[in-house]
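Coordinate analysis (summary)
Here are the chains, one letter per residue:
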Amino acid sequence: MGFFADNVPFEELAKHLGGVQLLDSGYMLHMIQEGVSKGKTLKRILGLVGDGRITPEEVMVFGDSATDISLFTEFETVC
């Protein structure tokens, strides 16, 4: 879930959200349940895509904000 909170400090919002991660992508705030991330979710659904044999080593991830960090921590970075 994403939202925009004008004139409300990030820290003020975060202290009222129990069990929820609050991430700032630079233009909006994202509320994500603790323990849930884009990276973990993508890993879980790999077996359900296509023939079910896609491995994490065959996945290329991209991102441009704090909400995408889990993609890079869950999937090996190759340069």
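In this report, we go over the structure that sits alongside the text. (Residues numbered from 1 in each chain as written. Predicted model: local features only at pLDDT ≥ 70, side-chain atom pairs only at ≥ 80, totals over all residues. Heavy atoms only, no water.)

When helices and strands are tallied, the chain shows three helices and three strands. Starting at the N terminus and walking to the C terminus, you meet the elements of the chain as β-α-β-β-α-α. A compact globule built from 79 residues should have a C-alpha radius of gyration of about 12 Å, whereas the chain, at 15 Å, is more than 25% larger. The dimensions of the chain, computed from C-alpha atoms along their principal axes, are 45 × 25 × 15 Å. Across the 79 residues in the chain, those meeting the buried criterion constitute 19%. Treating the 6 positive side-chain charges of the chain as one cloud and the 12 negative ones as another, the clouds have centres 8 Å apart. (Helix = DSSP H or I, 4+ residues; strand = E, 2+ residues; numbered from the N terminus. Rg over C-alpha atoms; globule rule 2.2 N^0.38 Å. Buried < 20%, exposed > 50% of the residue type's maximum accessible area, 1.4 Å probe, protein only. Lys, Arg positive; Asp, Glu negative; His and termini not counted. Charge placed at Lys NZ, Arg CZ, Asp CG, Glu CD.)

The grouping of Ile-45, Leu-48, Val-49 and Ile-54 at the surface amounts to a nonpolar patch, some 350 Å² of accessible area in total. In this fold, Leu-48 is placed in the loop between helix H2 (38–45) and helix H3 (69–74). Residue Leu-48 is classed as exposed on the basis of its relative accessible area of 70%. (Patch = residues over 30% accessible without salt bridge, like charges linked within 9 Å, V, L, I, M, F, W, Y side chains within 5 Å. Areas by Shrake-Rupley, 256 points an atom, 1.4 Å probe, with all protein chains shown as cover. Salt bridge = Lys/Arg side-chain N within 4 Å of Asp/Glu carboxyl O.)

Our focus in this paragraph is the environment of Gly-35. Tracing the chain through its elements places Gly-35 in the loop between strand S3 (29–33) and H2. Along the sequence, Gly-35 and Val-20 sit 15 residues apart, while their C-alpha atoms lie 8.8 Å from each other. Beyond its immediate stretch of four places on either side in the chain, Gly-35 contacts Gln-21 and Lys-40. (Contact = heavy atoms within 4.5 Å.)

Our focus in this paragraph is the side chain of Ser-65. By secondary structure assignment, the location of Ser-65 is in the loop between H2 and H3. At 2.8 Å, the side chain of Ser-65 and the side chain of Thr-67 are in polar contact. (Polar contact = N/O pair within 3.5 Å; in protein donor to acceptor, adjacent residues only side chain to side chain.)

We now examine the pattern of salt bridges. Counted by the stated rule, this structure contains four salt bridges. Residue Lys-15 is joined to Glu-12 by a salt bridge in which the shortest nitrogen-to-oxygen separation is 3.2 Å. For Lys-15, a relative accessible area of 60% gives the class exposed. Classification of Glu-12 as partly exposed rests on a relative accessible area of 33%.

Note on aromatic pairs: each is described by the distance of the centres and the angle between the planes. Enumeration according to the criterion identifies zero aromatic pairs in this entry. The ring of Phe-75 carries Lys-43 above its face, with NZ or CZ at 5.7 Å from the centroid. (Phe/Tyr/Trp six-rings, centres within 6.5 Å; stacked < 30°, edge-to-face > 60°. Lys NZ or Arg CZ within 6 Å of the ring centre and 35° of its normal.)

Right, let's talk about the pairing of strand S2 (residues 20–24) for a bit. Both S2 and S3 contribute to a ladder of five bridges, which runs antiparallel. Looking at the pairing, Leu-22 lines up with Met-31 of S3. In textbook terms, the turn of a hairpin is the stretch between consecutive antiparallel strands, and for S2 and S3 this stretch comprises four residues, one of which, Gly-26, has a positive phi near 105 degrees. (Pairing = 2+ DSSP bridges.)

To continue, consider the side chain of Thr-67. In this fold, Thr-67 is placed in the loop between H2 and H3. The class of Thr-67 is buried, set by a relative accessible area of 8%. At a separation of 3.4 Å, a polar atom in the side chain of Thr-67 contacts the side chain of Lys-38.

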